[in-house]
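Survey of secondary and tertiary structure
Each chain is listed here by its residues.
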Amino acid sequence: MEMKFESILLPGIEAKRPLVIAGPCSAESEEQVMTTGKALAKQGVKIYRAGIWKPRTKPGGFEGVGVIGLPWLQRLKSETGMYTAVEVATKAHVDAALAFGVDILWIGARTCANPFAMQEIADALKGKDVPVLIKNPVNPDLELWIGGIERIYNAGIHRIGAIHRGFSSYDKKIYRNLPQWHIPIELRRRFPDICLICDPSHIGGKRELIAPLSQQAMDLGFDGLIIESHCDPDNAWSDAKQQITPETLQIILNTLVVRDQKVSTESLSSLRNQIDEIDDEILEIFAKRMRVSREIAAYKKEHDMQVLQTGRYDEILTKRSQEGKEMGLDEEFVKTVFEAIHSESVRQQVEFINRK
Ligand code: PEP
Ligand code: MN
């Protein structure tokens, strides 16, 4: 479907990269909202994010303060002139947020993965005029992301932005949510006028990754950043590990190098990014394989079997080099790689079996 997006920039916001949205993962108290917001406003941040309703993985955790938090945002807005942004996941959220004058709505990754929820939000937005930012779904499915965007667009909302917040994976190693930059880049290729925002907080899941991920997003031509910032990150009620103080945010933003370039899918940096992503995946797969090897070691130990089963070793080497060849890989290369993997796996098993 063809879509023509309009700018999400609100009056008084410069069209300058990066567009910065910052604020706590969750609104916790009026004081926390005000203290964090005022510090951010002082540093020139114009859009304040805060979760009011929190989609938590398991029940029983902090699920957001709910509607009582909306007047706090209203107060912040009137005292600082900042715009406010809130996550919505249901019709009731949309109605409440708009009733309290929230300026920008965003839709979270779990919600974007659910077409029923996206349609409910779209229906609630009919006849309304508010910019909506749509996070990628938790799973790396571009069509599902576009489908969600289309539902909101069809409701008459044309000020739409897309947020890359990474994708969920079983093995959380380096990133909390694996970035797959080629997915938002493909979205931009298909819809050149869509505003692309990166969420380094939810991709990285830790403070140290915010700066490099933000830089990467700038290098890839993203328009904006949504970053979690809290006046007292260590004591945040949600996502404490990834939140940074407004002062740290300022330092990160000041050290960003923003080159004025348009994203090109052919660009060297995009290719290098793909290589980095693939290398991360290779490392995660190695780690997974070694874990399974140790489980095998536990089994062998229990059944008093020897570690090295030569038949199995030959099978792995022959089968893999043959398969590799069929995939256009050099047979010797594949053999070398699998010899190294196998020998490390044997070493780990021997170590496991001889443990205590
Ligand atoms: C959030 O922005 O606080 C949030 C819950 O994000 P996501 O939907 O990306 O998990
Ligand atoms: Mn969060």
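Residues numbered from 1 in each chain as written. Chains lettered and ligands numbered in written order. Predicted model: local features only at pLDDT ≥ 70, side-chain atom pairs only at ≥ 80, totals over all residues. Heavy atoms only, no water.

**Some thoughts on the packing of helix α11 (residues 268-302) against helix α13 (residues 331-354)**
For clarity, the cut-off: Axis angles are defined between N-to-C directions and span 0 to 180 degrees, where every axis is a line fitted to C-alpha atoms and, for a helix, only to the segment in contact. Numbered from the N terminus, helices here are DSSP runs of H or I no shorter than four residues, and strands are runs of E no shorter than two. An angle below 35 degrees is treated as roughly parallel, one above 145 as roughly antiparallel, one from 65 to 115 as roughly perpendicular, and anything else as oblique. We call a crossing left-handed when the near helix sits turned anticlockwise from the far one by less than a right angle, and right-handed when that turn is clockwise. Contacts are assigned to residue pairs with any non-hydrogen atoms lying within 4.5 Å of each other. Any residue that is not Ala, Val, Leu, Ile, Met, Phe, Trp, Tyr, Cys, Pro, Asp, Glu, Lys or Arg is counted as polar, Gly included; the first ten are nonpolar and the last four charged.
Interaxial distance between α11 and α13 falls to 9 Å at its minimum, and their mutual angle equals 45°. If you check the angle between α11 and α13, you find them oblique. Of the two possible hands of crossing, α11 and α13 adopt the one that is right-handed. Mapping the contact onto sequence places Phe-286, Arg-289, Met-290, Ser-293, Arg-294, Ile-296, Ala-297, Ala-298, Lys-300 and Lys-301 in α11 and Ile-341, Glu-344, Ser-345, Gln-348, Gln-349, Phe-352 and Ile-353 in α13. Grouping the constituent residues of the contact of α11 with α13 by class yields eight nonpolar, four polar and five charged.

**A look at the site of ligand 1**
Short version of the rule: If even one non-hydrogen atom of a residue comes within 4 Å of a molecule or strand, that residue is called near it. Any pair of N or O atoms that falls within 3.5 Å is considered a polar contact. Within protein, one atom must be able to donate a hydrogen and the other to accept it, and sequence-neighbouring residues count only if both atoms are side-chain atoms. Only the protein chains shown count as covering a residue, and every accessible area follows the Shrake-Rupley method with a 1.4 Å probe.
Around ligand 1, the structure places Cys-25, Arg-49, Lys-54, Glu-87, Trp-106, Gly-108, Ala-109, Arg-110, Lys-135, Arg-165, His-202 and Glu-228. Within the side chain of Arg-49, a nitrogen or oxygen atom sits 2.8 Å from an oxygen atom of ligand 1. One of the side-chain N or O atoms of Lys-135 is found 2.8 Å from an oxygen atom in ligand 1. Relative to its unbound accessible surface of 300 Å², ligand 1 loses 97% to contact with the protein.

**With respect to the sheet that holds strand β3 (residues 83-87)**
To keep it simple, the criterion reads: Only strands joined by at least two bridges in the DSSP assignment are considered to pair.
Read around the closed barrel, eight strands run β1-β2-β3-β4-β5-β6-β7-β8, paired in parallel fashion. On average, each strand axis in the sheet is tilted by 25° relative to the strand beside it, whichever way the strands run. Here strand β1 (residues 19-23) pairs with strand β8 (residues 224-228) via five bridges, running parallel. Bridge pairing in β8 places Ile-21 opposite Ile-226.

**Points about the coordination of the manganese ion (ligand 2)**
What counts is decided by this rule: In this description, a donor is an N, O or S atom within 2.8 Å of the metal centre, a cutoff extended to 3.2 Å for sodium, potassium and calcium. Water is not part of the atom list, which can make sites seem incomplete. The buried label applies to any residue whose accessible area, calculated with a 1.4 Å probe on protein chains only, is under 20% of its type's maximum; exposed applies above 50%, and partly exposed to all values in between.
The protein atoms that coordinate the manganese ion (ligand 2) are Cys-25 (SG), His-202 (NE2), Glu-228 (OE) and Asp-239 (OD), at distances of 2.0 to 2.4 Å. Donor residues for the manganese ion (ligand 2), ordered by position in the chain, follow C-x176-H-x25-E-x10-D. Of the two residues, His-202 sits in helix α8 (residues 200-204) while Asp-239 sits in the loop between β8 and α10 (246-255), which places them 37 residues apart along the sequence. Across this residue pair, the class does not change: His-202 and Asp-239 are buried.

The analysis is restricted to geometry; functional conclusions fall outside its scope.
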